[in-house]
Number of protein chains: 2
Amino acid sequence: MSLRHAVLGLLADRPASGYDLLKTFAISLGNVWSATQSQVYTELGRLADSGQVTVTAEGARGRKEYAITESGRAELHRWLTRVEPNRTPRNDTLLRVFFLGLLKPAEAEAFMRREAETAAAHHKELAALTTVAAGQDSFSAHGRLALEWGLRVTAAQHEWALWAEQQIVDRAAGGGGGGGHGGGDEDEDVPAQG
Amino acid sequence: MSLRHAVLGLLADRPASGYDLLKTFAISLGNVWSATQSQVYTELGRLADSGQVTVTAEGARGRKEYAITESGRAELHRWLTRVEPNRTPRNDTLLRVFFLGLLKPAEAEAFMRREAETAAAHHKELAALTTVAAGQDSFSAHGRLALEWGLRVTAAQHEWALWAEQQIVDRAAGGGGGGGHGGGDEDEDVPAQG
DNA sequence: AAACTCATGTAAAGTGTTACATGATTAT
DNA sequence: ATAATCATGTAACACTTTACATGAGTTT
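Here's what I pulled together on the structure shown here. It should be emphasised that the depicted structure is a prediction, and the values quoted were computed from it without experimental measurement. (Residues numbered from 1 in each chain as written. Chains lettered and ligands numbered in written order. Predicted model: local features only at pLDDT ≥ 70, side-chain atom pairs only at ≥ 80, totals over all residues. Heavy atoms only, no water.)

## Comments concerning helix α2 (residues 18–27) of chain A
Here α2 of chain A has its buried residues at G18, D20, L21, L22 and F25 of chain A. Among the structural elements, α1 (2–13), α3 (37–49) and β2 (64–68) of chain A are those in contact with the buried residues of α2 of chain A. (Buried < 20%, exposed > 50% of the residue type's maximum accessible area, 1.4 Å probe, protein only. Helix = DSSP H or I, 4+ residues; strand = E, 2+ residues; numbered from the N terminus. Contact = heavy atoms within 4.5 Å.)

Right under this line is the structure:
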């Protein structure tokens, strides 16, 4: 489970409360691994039960500050060096791309155009983060490596979406032939339900 | 839920059994959305219960062939055109990158080198698929758009990993100063447990 | 006959999302 | 006083993974 290690990793940097961690997820770590409030508090409880973190201070409004333990650090190190990253592919956008032939060309084109815009917007957001994420500490420095990944991939994604949109336009302009599905039914029009 | 729509999308192309679908996941669709045997059979059962697919034939060895219904097609179309793709970030590799400062420079470098190799290998695999996925039908054609995405992103990923590895080398060679974590503890050596 | 492939199904555990519920402290 | 922010927690539901369980038909 990666959320567990995300929490351990943040606590390895410095002690923090669940609320603090949530802020870090919101502004930086969440760009690579998102977590909900519910998940973070639940996970802190589990980590405390298993002795990988401990409550080091209790403050106002029930605030609890957690710190990583030696056992937690050992687990984190094991995960970083000996556990193969999970690469299970799960890309909702690309899944839709597979089925774009079920849409009218104009609808499919609109889909790709929108993807291009989304990629451009995402790229811009990340570029804006660059100036913000200027810390000199190791966590910020490595966060910038991840940020650079985001910049490169969103750029590639943007170019790809523009290219794919053109492919769809070209195919619609060329022969309507060859466009159908395996079923061989010519009546492949999409339902027009509201 | 996307698995449901992956199944509907495949059945919109042609009727198939769970076993058939599993093969499609294994050779093509699984590159963008993976599914287990257990999931596919369970989902087919649910879709049949809700009337989005029906059993159109039963063959040897208990084989059941499913076809999409009008209601299923309507749901698929709604999903394609009106449901925003889920973009929840969840990248196990990048999560680790955030915490690379917890490793010795040599370990962090090894991690990035390995990522570079993985990206190159993945790119090569996809390139090999290009020649295979040569169908003229719409499903294959759009699958090739997804494949192109894979080629571009794995290429970007490979270049990024090489760049990041160099960043780590440079930082290790430059001052050891500025390398510590927020905690300010100089004794940040990683545990050497086995 | 043995091995392999085809083919489906269920159970349990783990992980993630959404919604609900509560209350203290600080700023206006 | 009111609103905003700080701060934690639980319950229900949805989804994913892993393991188990079974058996028919085909090839060697």
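## Overview of the packing of helix α7 (residues 138–173) of chain A against helix α7 (residues 138–173) of chain B
In a packed pair of helices, the relevant descriptors are the angle between the two axes and the axis-to-axis distance. For the pair α7 of chain A and α7 of chain B, interaxial distance at closest approach is 9 Å and the crossing angle is 160°. In terms of their interaxial angle, α7 of chain A and α7 of chain B are classed as roughly antiparallel. Crossing geometry of α7 of chain A relative to α7 of chain B is assigned as right-handed. Residue classes in the contact of α7 of chain A with α7 of chain B are distributed as 18 nonpolar, six polar and eight charged. (Axes fitted to C-alpha atoms, helices over the stretch in contact; angles between N-to-C directions. Parallel < 35°, antiparallel > 145°, perpendicular 65-115°, else oblique. Left-handed = near helix turned anticlockwise from the far one by under 90°. Nonpolar A, V, L, I, M, F, W, Y, C, P; charged D, E, K, R; others polar.)

## Focus on the interface of chain A and chain B
On the chain B side, the residues contacting the 83 residues of chain A number 83 residues. For the chain A and chain B pair, buried surface summed over both sides reaches about 7,600 Å², with 63% attributable to carbon and sulfur atoms. If you look at where chain A meets chain B, you find four salt bridges. For E84 of chain B, the salt bridge is made with R114 of chain A, and the minimal N-O distance between the two is 3.1 Å. Breaking the side of chain A that touches chain B down by element, the ones donating at least two residues are α1, α4 (70–82), α5 (92–98), α6 (105–132) and α7 of chain A. In terms of residues, the side of chain A that touches chain B owes the most to one element, α7 of chain A, which gives 20 residues. (Buried area = accessible area lost by both parts, 1.4 Å probe. Salt bridge = Lys/Arg side-chain N within 4 Å of Asp/Glu carboxyl O.)

## A word on the protein's contact with DNA strand D
Among the 20 residues in the neighbourhood of DNA strand D, the closest are listed as Y19, Q37, Y41 and K64 of chain A together with Q39 of chain B. Backbone atoms, meaning sugar and phosphate, make up 71% of the atoms of DNA strand D lying within 4 Å of the protein. At 3.3 Å from a base oxygen of DNA strand D is found a side-chain nitrogen or oxygen belonging to S38 of chain A. Contact distances for DNA strand D include 2.8 Å between a phosphate oxygen and a side-chain N or O atom of Q39 of chain B. Looking at the surface near DNA strand D, the elements with two or more residues in it are α2 and α3 of chain A together with α3 (37–49) of chain B. In terms of residues, the surface near DNA strand D owes the most to one element, α3 of chain A, which gives four residues. Classifying every residue of the surface near DNA strand D gives five nonpolar, 10 polar and five charged. (Near = heavy atom within 4 Å. Polar contact = N/O pair within 3.5 Å; in protein donor to acceptor, adjacent residues only side chain to side chain.)

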